[in-house]
Amino acid sequence: MKSLTIYLSFFLSFFIIHNALSQEAGDAVYNTLIQEYTLNDDGSTDYHEYKEIKLLSHMSFHRLYGETFVIYDPQYQELKINEAYTIMADGKKVVVPDNAFNEVLPRDAAQAAPHNHLREMVITHTGLEVGATIYLDYNLKSKPGYMQTFMGEEVIREIIPTKEKQVIIHIPVDMELHYKVLNIRTAPGITEGKDTKTFTFSFKEMAESTGEWGTDASLLPRLFFSTAKDLERAYFPFVAQKAFTYQASSAMQNAVNKLKEETKGELDLALAIQKMVVNEVGSWNLSLRHTAFKCRTPREVWESNAGTHLEKTVLMATLLQEAGLSAVPVAIIPEKYYDRNVGSLYMMKDFAVQVKSDGEFFYLSATHLHNQDLAYGLANKKMLILDGAIESLRTIDPVNQRSEIICEAKMVNHDNEKISGEMNVKLTGSANPYFRLSQDTSYAKKLVPGVTDVSLSKLSPNESAFTLELEKSGIFKEYNDYIFLQLFESGQGIASWGFTYIETGRQAPIKLRELITEIYRYTIELPEGYQLVSPPISVDIDNPVGSVKINLRQEGNLIYASREIHLKQDVINYSEFGLFTQIWEAWMNPVSKEIVFTKAD
C-alpha cells in the first residue's frame, strides 16, 4: 500500500509539473534578454548580453539552446564571460565548468585564410533538463577603429516567446543617436547622466518569430541605430576603402582580354565575366558584421581566388570596367529599411553589379547565375550605388513589373502513343529567361518537354515570345481502360514556390515571391471514339487578393482545358487569409491539372 501511495504521489507530481510546463507553448522561452551597446569616449565599444532561457522540451537543449556561439575577432576584440550557469528544475545550481568553453574556427571562415584569425567561443551549457533555466552573461569589448561607425541592428522578435527584452544603447552625452524601429510601435526611454546618454528600448510578452513560408524578414520587428549624423556619414568612410578604386592586376587584365576574344557583343561579354566570377572564384559566407564592414581589394580577392559576397561584387565590377563596360557595385536594401537619416550600413542585405550594355542597364549577381536581370526580382528594394567618386548618395528603384507566363497550345493525341502540336508562349518579367535566350534561342526547348523546334518572334529584356513545335512520347499513363494526361505547368510559376497551405494559427503576413499572371489554354484532339472521364470544371473566383478561372469541357473529339491565375497583391495580411485560401486552393487543386479519358463503349 505504501508503494502504491509513493507511486501515485510521484505520478501526480509529474502530472502537475508537466501540465505547468505545457502552459508555456513551444520548446523554450526567454525569461529575460538584455542586449547592451556602449560607445566609449576613446572610440572603443562594449557589447554586453545577458539572457535567461527556460527549457520546455528535450528539443530545446538537444538541438536549439544546449550551446551558445559567440563569434569575435581577437585582434580587435576581447571576450569576457561574466557568468554561465544553469538552475535545474529542482533549484540546483550547476556552474558551467572550464572545459565547457572551447574556441573554434567559425565554420564560415574555415576556407577563408584572411579570416582564419576569427574565433568562435562555443559555450556548452550543463545541467540541462526540461524545466531548467540557462543563465549567461558576457561582454565583448572592441578596440577603437574596429568599425568606422558606431552602429547596429537588432531583430526584436526571437524564434521563441520572450517575456522581457531590452536593447540598451549608451553613448557620450555630447553625441546624438539616430534610430529607426520597424514593424512594432515603441519609443525608447532616454536618460542622461553627467557623461553618458542612455536609450532603452523595452519589449514585453512577445510571441515567437516563426519560420513559416512567406515570412518576409523586412516585415519582422527590427531596430537600426547609429551615431552617424546620417547615412552619408557612414557611407563615405565605407566606400573610401581602397577596394572601391577598382584597380586590376595584369593577370586580371589578361583574363578579361581572353574573354573579349571569345565573346560577341557587350551583353555576351558581361555574362561571360559574371560566369567566371561566380564559378571560378570561391564565395565566403562571412557577414559584414564579422568582417567589420571591411573589403579587400579586387587584386587580393583575385589572388586568393575567393572572397565575401561584397568582395566578389567589387571584383566583378572591376573586371567589367577593365573590359570597357560601365559597371559599378550596388547594395541591395529592403525599401522599408532604407532611411537617409539613420547611418546604419546594416541595412545593406545583398549586393549586385550595375552594368550598362548596349545602352541598357542590367543588374548581375557575383555569387549566382540568373537567366534574367536581377532588377525584375527586386520589387520593394532599393539599390544603393557604391562609389567613392560620387558626391551624394544615389539609389535606384527597380520597376515592379508583373511576371507573365502565357501558354496556348493545340495538340493531337496520336492513339495514346505520343502527342504533337504547337504552343505559343509569352514570358515577361522575372519569368523571361532573357539572358539565356539572347545567347542561345534553343534554350526555349528546355522550358517545355518534347520541343522539336523553336521560332522566336520577340526577344527583349521585358518580354520574349516564341512558338514551340511539340512531339512527345511516353506522356500518357494508362491504368486499366483509363488514360491520364498531366497538363503542362511552367517550372517558373507559382507551383515552384513550394507553398501549399496556411499554417494553423499563423499571424504573420504572407509575402509572396512576386506579382504574377499564369495562363494556360489547351485544345487537345482525342483519338476517334474516346471521351472525357474527368468531370467538367467551371471555376471563376475574383476577389481583392486575386482571380482564378479554370475550365474543362469536351466538344466532339476536342478537349478544351484552361487555367488562369492573376495575383493582385504580393503581401497577404491576416484579415485576407480567407480570400487568399480561396484563390490558392482552387489553383493548387491537382484535379484541375490532370485530365482523364477513356474509349467509349
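Undergrad: Explanation requested: the overall build of the protein in the structure shown.
TA: Scanning the protein for helices and strands turns up 9 helices and 35 strands. The buried share among the 601 residues of the protein stands at 50%. Contacts in the protein between residues far apart in sequence, at least 24 positions, make up 72% of those at least 6 positions apart. Considering the protein, the positive charge centre built from 59 side chains and the negative charge centre built from 78 side chains are found 2 Å apart.

Undergrad: In this structure, what is going on with the packing of helix H5 (residues 266–280) against helix H7 (residues 309–322)? I would like to understand it.
TA: The relative placement of two packed helices is expressed as an angle between their axes plus a distance between the axes. Remark: H5 packs on H7, axes separated minimally by 10 Å, with the N-to-C direction vectors making an angle of 145°. In the packing of H5 onto H7, the handedness of the crossing is right-handed. Residues Ala270, Ile273, Gln274, Met276, Val277 and Val278 of H5 touch H7, and the partners they reach there are Lys312, Met316, Leu319 and Leu320. Here the residues of the contact of H5 with H7 sort into 8 nonpolar, 1 polar and 1 charged.

Undergrad: Looking at this model, I keep getting lost on the environment of Met147. Mind explaining?
TA: On the secondary structure map, Met147 appears in the loop between strand S8 (133–142) and strand S9 (151–155). Using a relative accessible area of 21% as the deciding quantity, one classes Met147 as partly exposed. The spacing of Met147 and Thr291 is 144 residues in sequence and 9.3 Å in space, taken between C-alpha atoms. Ignoring anything within four residues of it in the chain, the contact list for Met147 reads Arg289, Ala292, Phe293 and Tyr346.

Undergrad: Looking at this structure, I do not really get the confidence of the model for the protein. What am I missing?
TA: Note that predicted coordinates carrying low pLDDT should not be read in detail. Chain-level statistics for the protein give a pLDDT mean of 92 and a share of 96% at 70 or above. Ignoring residues within four places in sequence, the model shows residues 1–24, a span with pLDDT below 50, making 8 contacts including any to other chains.

Undergrad: Looking at this structure, how should I read the side chain of Gln241?
TA: If you trace the backbone, Gln241 turns up in the loop between helix H3 (231–239) and helix H4 (250–262). In this structure the side chain of Gln241 is engaged in a polar contact, spanning 3.0 Å, whose partner is the backbone oxygen of Phe238.

Undergrad: I'm lost on the pairing of strand S24 (residues 451–459) in this one. Help?
TA: Residues in a regular strand point their side chains to alternate faces of the sheet. The pairing of S24 with strand S25 (residues 463–473) spans 7 bridges and is classified as antiparallel. Each bridged residue has a counterpart across the sheet, and for Leu456 the counterpart in S25 is Phe466. Hairpin connection between S24 and S25: a loop of 3 residues separates the two successive antiparallel strands.

Undergrad: Help me understand the environment of Asp46, please; the structure alone is not making it clear to me.
TA: When you line up the elements, Asp46 lands in strand S2 (residues 45–55). Owing to a relative accessible area of 18%, Asp46 belongs among the buried residues under this scheme. The spacing of Asp46 and Lys426 is 380 residues in sequence and 57 Å in space, taken between C-alpha atoms. Those residues in contact with Asp46, other than ones at most four positions away along the chain, are Glu36, Tyr37, Thr38, Asn40, Leu140 and Lys141. Among the polar contacts listed, one links the side chain of Asp46 to the side chain of Asn40, at a separation of 3.0 Å.

Undergrad: For this particular structure, what's the right way to read empty space enclosed by the protein?
TA: Left-over empty space is what a probe sized like a water molecule reveals as it rolls over the atoms. Under the counting rule described, the total for this entry stands at 3 cavities of 30 Å³ or more. Reported here for the largest cavity is a volume of approximately 80 Å³. Forming the boundary of the largest cavity are Met147, Gln148, Thr149, Met151, Ala234, Pro237, Phe238, Gln241, Ala292, Phe293 and Leu345. No other element matches H3, which puts 3 residues into the lining of the largest cavity. A breakdown of the residues in the lining of the largest cavity according to their chemical character gives 8 nonpolar, 3 polar and no charged. Computed from the structure, the second largest cavity encloses a volume of approximately 50 Å³. Taken together, Leu487, Ile537, Ile550, Asn551, Leu552, Ala561, Ser562, Arg563, Val591, Ser592, Glu594 and Ile595 form the lining of the second largest cavity. Of all the secondary structure elements, the ones that give two or more residues to the lining of the second largest cavity are strand S32 (546–555), strand S33 (558–567) and strand S35 (594–599). Here the lining of the second largest cavity is built from residues that sort into 7 nonpolar, 3 polar and 2 charged.

Undergrad: Before we go on, may I ask you to explain H5 in this structure?
TA: Every α-helix carries 3.6 residues per turn, so stepping three or four residues along brings you back to the same face. Over its 15 residues, H5 runs 21 Å from end to end, which matches the ideal 21 Å to within 8%, given 1.5 Å per residue. Among all positions of H5, only Leu267, Leu269, Ala270, Leu271, Ala272, Ile273, Gln274, Met276, Val277 and Val278 are buried. Along its buried surface, H5 packs onto H4, helix H6 (298–304), H7, strand S18 (350–357), strand S19 (360–364) and helix H8 (434–439).

Undergrad: Would you explain the packing of aromatic side chains in this entry?
TA: The description of an aromatic ring pair uses the distance of the two centres, along with the angle that the planes make with each other. In total, this model carries 27 aromatic pairs according to the counting rule given. Among the aromatic residues, those joined into a cluster by ring pairs are Tyr37, Tyr47, Tyr138, Phe150 and Phe225. The side chain of Lys93 reaches across the aromatic face of Tyr85, ending 4.3 Å from its centre. Lying across the ring of Trp587, Arg563 places its NZ or CZ 3.9 Å from the centre.

About the criteria used
- Residues numbered from 1 in each chain as written.
- Predicted model: local features only at pLDDT ≥ 70, side-chain atom pairs only at ≥ 80, totals over all residues.
- Heavy atoms only, no water.
- Helix = DSSP H or I, 4+ residues; strand = E, 2+ residues; numbered from the N terminus.
- Buried < 20%, exposed > 50% of the residue type's maximum accessible area, 1.4 Å probe, protein only.
- Contact = heavy atoms within 4.5 Å.
- Lys, Arg positive; Asp, Glu negative; His and termini not counted.
- Charge placed at Lys NZ, Arg CZ, Asp CG, Glu CD.
- Axes fitted to C-alpha atoms, helices over the stretch in contact; angles between N-to-C directions.
- Left-handed = near helix turned anticlockwise from the far one by under 90°.
- Nonpolar A, V, L, I, M, F, W, Y, C, P; charged D, E, K, R; others polar.
- pLDDT = per-residue confidence, 0-100.
- Polar contact = N/O pair within 3.5 Å; in protein donor to acceptor, adjacent residues only side chain to side chain.
- Pairing = 2+ DSSP bridges.
- 1 Å grid on protein atoms, 1.4 Å probe; cavity = no way out; pocket = protein on both sides within 12 Å on 5 of 7 lines; lining within 4 Å.
- Points joined across faces, edges and corners; volume = space filled by probe spheres on them.
- Expected span 1.5 Å × (residues − 1).
- Phe/Tyr/Trp six-rings, centres within 6.5 Å; stacked < 30°, edge-to-face > 60°.
- Lys NZ or Arg CZ within 6 Å of the ring centre and 35° of its normal.

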